[in-house]
Each structure stands twice: as C-alpha cells, then as structure tokens.
Amino acid sequence: MVKKNIYILVLTTIILAILVACSQPAQPEKKAEIKTIKWGVVCVQSGPIAFMGLGILRAVRLATSNINKAGTTGEGAGLKVGDQVYEIEVVSYDDGFDPAKSVAGYRQLVEMNGVKVIQGPMGCPCALAAMKINQELGVITAPLCASSNTRKMGDKLYVQERMPVQYYALPLAQAAWDRGYRTICIVSDIADSWSGMSKEFKSQFEKLGGQVTALEIVDMSKTTDYHSIMTNFKSKNPDIIFIVMYDEPIALAVSHAFEVGYTGKFMFPSEMGPKTEQKIGLDKLAGSLVQSHEWTLYRKYPEMDKKGAITNLLKQWKETYNETPPQTAVPAFDTCYMLARAMEIAGTVTDPYAIRAACPQALQEGKLPLLMGSTDMLDNGLPYGAFENLCEIQDGKYNIIVDKLTVPRSILE
Amino acid sequence: MASNEQDLARPPLFINKTVDTVFSVIEFGQYLINGISQGCLYCLLASGLTLMLGILGVPNFAHGNLYMLGAYIAFYVVAFFNMSYWLSIVIAAIILGVLGLIIYRLIFYPMRNGPHANLFVAAIALLMILESAALLWFGGETKWLILPYSNDVIRFGGMSLGVQRLIIILATLMVMLGLELFIKKTTVGAALEATAQNREGAMLCGIKVTQIAAMAFAIGTALAGVAGVLIAPAVMILPSMGLGPLLVAFSAVIVGGMGSIRGAVVGAFILALVESLTSGYISATYSLVFVFAAMILMLLIRPSGLFGKEL
C-alpha cells in the first residue's frame, strides 16, 4: 500500500513538474531591432521632362513603402536579411538631366548617405556619366537608358531597368513587312537610343526587301515644326510613317502630318499617354501600329489585367499622387523590388557585388509582384523576358496583333 | 500597295528633273504654305523685337519667354477658366503689355544711361528669371491647348492647311495691318518708328523718348504675347518653348535691318521660307543651318540689312 502511495506520489510529482514546466512563461524572444537602409534615386526632377524623372522617384517611393509594409514577397513587413529586418528610406537627388549633376548626385548619395543602390539617372548621357564612377564608389547603378551602349561598358554593378528600344527594331521591321507595308518614311529623335533604333529598323526592313524612302533625324526637344518633314513624307506616298520618338512629341508630329493633308497610317515605338491620345484622337489613327507594354492596354482596359498588378499600381498611384504614372514608373517599380529581393537572397545590404550577383535569382524565383514580367537578368545588365506587344488601332481602340515582339536572347547577350 | 497604284496616288508632276528627283507643284505649294504660316509667328516676334532693339540698342533676350507666357495665358484662360480662346488673345496682349511696361520701368529704364553691357546682362538675367518662374508656377510638364477645331484641316488644290494655321495667318495680317496704320497714320506711331530707327535724332526733334520707349516695350511684349496665344493650340506648351522661335526672329531682325518693322516682316518671311524649303527638299536636321547661312549671306551683301540705313 505504502509502495503504491509512493508510486502515486512520484507520478503526481512528475506530472506536476511537467505542468509547472509547461506553464512557465516563455522567455521573451529577443526581437531584432528594425534597422534602416538608405536607397538612392538620382533623376531629373525639374525642367521640361521632370514628369518622367518624377515617375522614377515616385515609383521607388511607392515600391519601398509597399516593401516596408508587406515585404518583397508578401511574407511580412520589411526587407529581411537573415534575422535582421530593414526598413527602406529613399534619398534622392535632382540632376536636372545634366550628366555632371548625375555624377555629383552619385557622389553625394554614396558619401553622405552611404547608399549601396541608386536607381536612375534617366537618359543615356546621364546614365553613361554615372557608370563612369559607380564601380569606384561601390554602388549598384540602375539607370533608365534606352541605348544598348550601357551594356557594353563592362560595368559589374549595372542593371538596366528596361530592355533598350533598339532591340525591337528587328521584330518591328518583321511585323511591318508581315502587315504588307513595303515603303516607309522615318522621322526619329537624335538621341542615341532612338536614332539607333531607326537605323537598325531601316537596315532590317531593307533586308526583308522593303524600302525606306526618307529618314529624318531631328532633336525632338527643340523641334516645334514638323510640317515640312511631313510634306516631304506625304509626297513620297509611303505605306506607313514611323515616328521614332516619345509619347508627346509623337502627338505634335502626327498633328502636323494631318495639317499637311497626310491621311495614311503611322507606327510608334512608344506607348501613348492620355494627353497624347486626347490631342491626336485615337479614332483618327485607324490602322496605325503601336509598340506597347501591357501597361498601356491595362490602363485603358483594366478588365484585361487578370493578374491585377498593373491595375493595383494605377489605383495606388492615383490615391497617392492623384494622376496616371508616366511610362518610366513601371520599370523603376520592378527594379526596386528586384534589388530588394536580391539583398535578401544575397544575405547582405552592404556588399554591392553579392547583391548584383543575386539579381537573376530574384527574378527567376517568380515571387515578386512585378509589372513588366522580366524573368532573368543577364550578365551584361539587361533584363530579359518582359517583351512588348504590337497593337493596331481600330475603332479608337488598341488591338494586340503581335502578342510578344520576341527579341532573341542571343542578340541581347 | 502595288507600285503602280502608288504612282497613281502621287501628286501631279511638273518637271521631271531626274528619274529619282521630281518637282511637284503641289509639294512646293505646301512648303510655301508651311513657310508662310511659320513666318507669321516669326513676324509678330521680330516686329516687337525690332522696336525694342531700335530703342534700347540691345536685344531683349527674354522676348521668347514673353511669347511662352502668352501661350500659358491662352492655356489657363481656355482650359482652366473656360473662357473664349479669342478673349485670351486680348487678355494676353493686355497682361504682357503691362508686364512689358513694368520690365522697362524696373529694369531697362534705370540702366538706360549705363554701359551697354549692363543692359545685355539684365536681358539675359530676365530670360533666366522668366523661364525659372514659369517652371515654378506652371511646372515642367507639357501642356496641350486642345480646341474643338484643333485637328480640322482645310484642303484646296491638293494642298492642306490646319484651321489654327489659317487663324495664325489671318490674325497676323490683322495685327500687322493695325500696327502699320498706327505707325503711319498717327503722330505717336510716327514718333515710335522714328525713335526705333534713330534715338538721338528723335530726341533732337523733341520726341519724349522715355515715354515712347515705354510704349515700344509694351507694344513689343504684347505682340509676343499674341504670337504665343496664336501658336498655343498648335504646339507643346513648355517653359522652354520660346528659345527656338526667338533665334529665328533675331535673325529676321538682322536680315530686315535693325529698327525697321517692315524689314523685320520681310526678314521673318524670307527665313521661314528658307527653313521650310530646306527642311523639305534637303533635310530638316540642317534647316536651321541654312537659315543662319542665309542671314550671314544677306549681311555680306547688305551689312545694314534689307531696310536698314546704309552704314
């Protein structure tokens, strides 16, 4: 009996001990303090093209705010490197579209703010100037430059925000040929990117058997009168006029073409914003071709956006800035996510070479809420996988006629 | 389109120069129309410039920015206040006329007896101040003034003219006719022209040069404002839009002879036609080169300009 009581006592003691042990309040987990990292943006924020530079800055602010709230992949607030959580703070510099100021901006953000990543500058002259010093400063550069020259610099800390336009010359020439166009007149901006694209297009189109009956290169930032160019083009009676410029100068050139009596079709290598569409009137552009990203379509037809990422951005942008984002915003938004995720994968926020090396994986995993849809980052800094569409305007609407303007990877590498 | 169909669609040919190079009357006519409509703008700018140049003796570098302000006034009057475009011409002329008076009284009048270099520097400073102020007030974004007839085109004999371009031509004709009548038929106008052509001579004749100079400034800036309103529906409205037209207008003043309104008008049309024809027949890339080459050529032949006094 005594033996049995002892047994019960021991068992009770053990159970009590277990219960006591289990009921012990947990030691407070030592939560890592949230640190802040600074994220640089150098872009034009004043002058005639300020709206494009501000598009980059605002996109980065929006993307970093989203990351601070929900993380890069939506798995909790902040940027996570190991156990450490970081909040991103954006610091910016207005370079006024001046390469010398871009360089000054890079130096200031690195030396005074200690940034390891700078998005921008915008424009090839500024980008090329910044790329002369970014490696020396030990900072990743993510400029927005539509020329292919940046990839030839051998910069190990370079990532391009968007694939340069001139690579689309080949599929565009093919698409124009396939649509039955045999004679084309081209007016192009003098910028390296656009003039490179128009020359490449001419070469490809002529290889296919087509004829470029006129090629005019102008400075779109200074040209205010396209009447005589369009009169000359009209006299050559082309199947189509290719206007190789940005959004708003396109509107000016097209309206002057109408004024001299041209009633034919156009081809544009750039999305048209709401103001351009209003100025020209889409109903007057029946049969014209527009190279565009899905962004253009979803902006007009949100019901087409099955993934919803672009519609969300447009909504968030409207709520935050009360306007529609310019085309520069979309690639800047994606690049910000890619670089933040690359920091998480690389396990560092301070080693730019490790962060750059992790960029391809950040895109390949497919976890980021990207808008452009790039799937890889090439060694030379070009993004890959986010191809653009070719739309035809009919009845005042955009209709996709080439789903993806495919650019062979071998050309990019 | 088959090539024979293309050939049928081509405008009628006048002379076959070579197999590749053909001369089309319609094409040439279109270049003339383009040149005349552009020349009207240069004419309004150059007339104002020549008045100021004759009186001050220094070019008003800010003249292009006054033209830019005219375009912004048209934009805000029509797009923001929903007022008539025609009314914006009057409003811009009044606002810029008053602004011209203020600029003259505050900047150029106090410096009138100082070294010429001061006036040059003041004019350049004014150019920068006005452009920066426009950036601050209106922002860097492009603005479009879209009117109901913005894209309407009149076609005649195979040629075309945008309705806004026609308005520019007619309005310029009216303004220049009014200016001509004012100068030729009124005593004040005659005093204005006399002062513009020879300041010292005018003073000797008892003309109150200070008052006349202020009036010249007001008229000159008002003309720039009217030009800005007229071009506003046909271009991108930007703080930097005045520089290009200003350069050609300056050249027109030099070609026409400094201080001569008639010379400025003729010079404006000559250079606009050179620009239009060379853009079409040679290359738009180099059209301004031909414009300035024409100016230099003219100066070599006639150093004082077409209507200037012989040196």
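Residues numbered from 1 in each chain as written. Chains lettered and ligands numbered in written order. Predicted model: local features only at pLDDT ≥ 70, side-chain atom pairs only at ≥ 80, totals over all residues.

I'm lost on the overall build of chain B in this one. Help?
Assigned secondary structure in chain B consists of 12 helices and 4 strands. Each principal axis of the C-alpha distribution contributes one length, and for chain B these read about 70 × 50 × 35 Å. Contacts in chain B between residues at least 24 apart in sequence constitute 72% of all its contacts with a sequence separation of at least 6. (Helix = DSSP H or I, 4+ residues; strand = E, 2+ residues; numbered from the N terminus. Contact = placed C-beta atoms within 7 Å.)

Explain the overall build of chain A to me, please; I cannot follow it from the model alone.
Within chain A one finds 16 helices and 14 strands. Principal-axis analysis of the C-alpha atoms places the extent of chain A at approximately 120 × 45 × 40 Å. In chain A, which comprises 413 residues, the share counted as buried stands at 53%. Across chain A, the fraction of contacts at a sequence separation of at least 24, relative to all contacts at a separation of at least 6, is 65%. (Buried ≥ 20, exposed ≤ 12 C-beta atoms within 10 Å, placed from the backbone.)

Please clarify how the sheet that holds strand 7 (residues 211–218) of chain A should be interpreted in this entry.
Two modes of strand pairing occur in sheets, parallel and antiparallel, and in both the strands are linked by backbone hydrogen bonds. Residues and elements named next belong to chain A. Strand order in the open sheet formed by 7 strands is 7-6-8-9-10-13-14, and the pairing between neighbours is mixed. Strands at the two margins of the open sheet, each flanked by one partner only, are strand 7 and strand 14 (397–402). Put simply, the sheet's adjacent strands are angled 25 degrees from each other on average, direction ignored. Pairing of strand 13 (residues 389–394) with strand 14 involves 5 bridges; the strand directions are antiparallel. When the sheet's bridge partners are listed, Glu392 is paired in strand 14 with Asn399. (Pairing = 2+ DSSP bridges. Axes fitted to C-alpha atoms, helices over the stretch in contact; angles between N-to-C directions.)

Would you explain the domain arrangement of chain A in this entry?
Residue and element names in this part refer to chain A. Looking at chain A, the domain boundaries give domain 1 (35–163 + 306–384) and domain 2 (166–301 + 388–412). On a C-alpha basis, the centroid separation for the pair domain 1 and domain 2 is 29 Å. At the junction of the two partners, domain 1 supplies 19 residues and domain 2 supplies 18 residues. Per element, the largest residue contribution to the side of domain 1 that touches domain 2 is 3 residues, and it comes from helix 12 (residues 309–321). In the side of domain 1 that touches domain 2, the residues fall into 13 nonpolar, 6 polar and no charged. (Domains from an automatic or database assignment. Nonpolar A, V, L, I, M, F, W, Y, C, P; charged D, E, K, R; others polar.)

Explain the interface of chain B and chain A here, please?
Quoted interface sizes are often the accessible area lost when the parts come together. On the chain A side, the residues contacting the 37 residues of chain B number 32 residues. Put simply, the parts of the chain that give the side of chain B that touches chain A at least two residues each are helix 1 (3–9), helix 2 (25–56), strand 3 (153–156), strand 4 (159–162) and helix 11 (261–281) of chain B. It is helix 2 of chain B that provides the largest number of residues to the side of chain B that touches chain A, a total of 5 residues. Of the residues assigned to the side of chain B that touches chain A, the class counts are 15 nonpolar, 17 polar and 5 charged.

So what exactly am I meant to see when it comes to the pairing of strand 6 (residues 183–189) of chain A here?
The side chains of a regular strand alternate, first on one face of the sheet and then on the other. Of all the 7 residues making up strand 6 of chain A, 6 are buried; the element is thus mostly covered by neighbouring parts of the structure. One crossover worth recording links strand 6 of chain A to the parallel strand 7 of chain A by way of helix 7 (residues 192–207) of chain A, and it is right-handed. (Right-handed = clockwise from strand over helix to strand, strands pointing away.)

It is not clear to me how the packing of helix 3 (residues 63–80) of chain B against helix 5 (residues 116–138) of chain B should be interpreted in this structure. Could you clarify?
Axis angle and axis distance: for two packed helices, these are the angle between their axes and the distance between the axes, and together they describe the pair. Residue and element names in this part refer to chain B. Remark: helix 3 packs on helix 5, axes separated minimally by 10 Å, with the N-to-C direction vectors making an angle of 20 degrees. Considering their axes alone, helix 3 and helix 5 lie roughly parallel with respect to each other. Helix 3 and helix 5 meet at a crossing whose hand is left-handed. Contacts from Asn65, Met68 and Tyr72 in helix 3 reach Leu127, Leu130, Glu131, Ala134 and Phe138 in helix 5. Looking at the contact of helix 3 with helix 5 residue by residue, the classes come out as 6 nonpolar, 1 polar and 1 charged. (Parallel < 35°, antiparallel > 145°, perpendicular 65-115°, else oblique. Left-handed = near helix turned anticlockwise from the far one by under 90°.)

Would you explain helix 7 (residues 187–197) of chain B in this entry?
Residues lying three or four places apart along an α-helix face the same way, a consequence of the helix completing one turn every 3.6 residues. Of all the residues in helix 7 of chain B, the buried ones are B:Ala191, B:Leu192, B:Glu193, B:Ala194, B:Thr195, B:Ala196 and B:Gln197. If you follow the buried residues of helix 7 of chain B, they end up packed against helix 2, helix 6 (163–185), helix 8 (199–204), helix 9 (209–231) and helix 11 of chain B.

Could you clarify how one ought to interpret helix 5 of chain B in this entry?
All names here are of chain B. Given a rise of 1.5 Å per residue, 23 residues ought to cover 33 Å, and the 33 Å separating the end C-alpha atoms of helix 5 matches this to within 8%. Of all the residues in helix 5, the buried ones are Ala122, Ala123, Leu127, Leu130, Glu131 and Ala134. The elements touched by buried residues of helix 5 are helix 3 and helix 4 (85–108). (Expected span 1.5 Å × (residues − 1).)

Before we go on, may I ask you to explain the packing of helix 3 of chain B against helix 9 of chain B in this structure?
Residue and element names in this part refer to chain B. Two elements in contact, helix 3 and helix 9, have axes whose closest approach is 7 Å; the angle formed by their N-to-C orientations is 50 degrees. As the angle between them shows, helix 3 and helix 9 are arranged oblique. Viewed along their axes, helix 3 and helix 9 form a crossing whose handedness is right-handed. Residues His63, Leu66, Tyr67, Met68, Leu69, Gly70, Ala71, Ile73 and Ala74 of helix 3 pack against Thr221, Ala224, Gly225, Val226, Ala227, Gly228, Val229 and Ile231 of helix 9.

Honestly, unusual backbone geometry in this entry has me stumped. Any pointers?
Apart from glycine, the bulk of residues carry a negative phi angle, and the bulk of peptide bonds sit in the trans form. Residues and elements named next belong to chain A. Of note, the amide linkage connecting Gly120 to Pro121 takes the cis form, showing an omega dihedral of 5 degrees. Its place among the elements puts Pro121 in strand 4 (residues 117–122). Its identity is not glycine, yet Phe97 carries a phi of approximately 65 degrees, on the positive side. By the secondary structure assignment, Phe97 is in the loop between strand 3 (84–94) and helix 3 (99–113). For Phe97, a count of 23 C-beta atoms within 10 Å corresponds to the buried category.

Hey, could you run me through the environment of A:Ile401 in this one?
Residue and element names in this part refer to chain A. Residue placement: Ile401 occurs in strand 14. For Ile401 and Cys391, which are 10 residues apart along the polypeptide, the C-alpha to C-alpha distance reads 5.4 Å. Look past the residues within four positions of Ile401 in its chain and what remains in contact with it is Leu390, Cys391 and Glu392.

Explain the confidence of the model for chain A here, please?
Segments scoring low in pLDDT should not have their predicted coordinates read at a detailed level. Looking at chain A as a whole, the pLDDT averages 87, with 92% of positions reaching at least 70. Every residue in residues 24–29 of chain A scores below 50 in pLDDT, and together they form 0 contacts with partners more than four places removed in sequence or on other chains. (pLDDT = per-residue confidence, 0-100.)

How do you make sense of the confidence of the model for chain B when you look at a structure like this?
All names here are of chain B. Summary statistics for chain B give a mean pLDDT of 85 and a share of 91% for residues scoring 70 or more. Mean pLDDT across the secondary structure elements of chain B bottoms out at strand 1 (residues 15–16), with 38, and peaks at helix 3, with 94. Between residues 1–21, whose pLDDT stays under 50, and residues either more than four places distant or in other chains, the model counts 20 contacts. Model confidence for the complex: the whole-complex pTM is 0.79, and ipTM, which rates the interface, is 0.83.

Sorry, what's going on with the environment of B:Ile89 here?
Residue and element names in this part refer to chain B. Position of Ile89 relative to the elements: it lies in helix 4. On a C-alpha basis, the gap between Ile89 and Val226 in space is 5.7 Å, while along the polypeptide they are 137 residues apart. With near-sequence residues (within four places) excluded, Ile89 lies in contact with Val226 and Val229.

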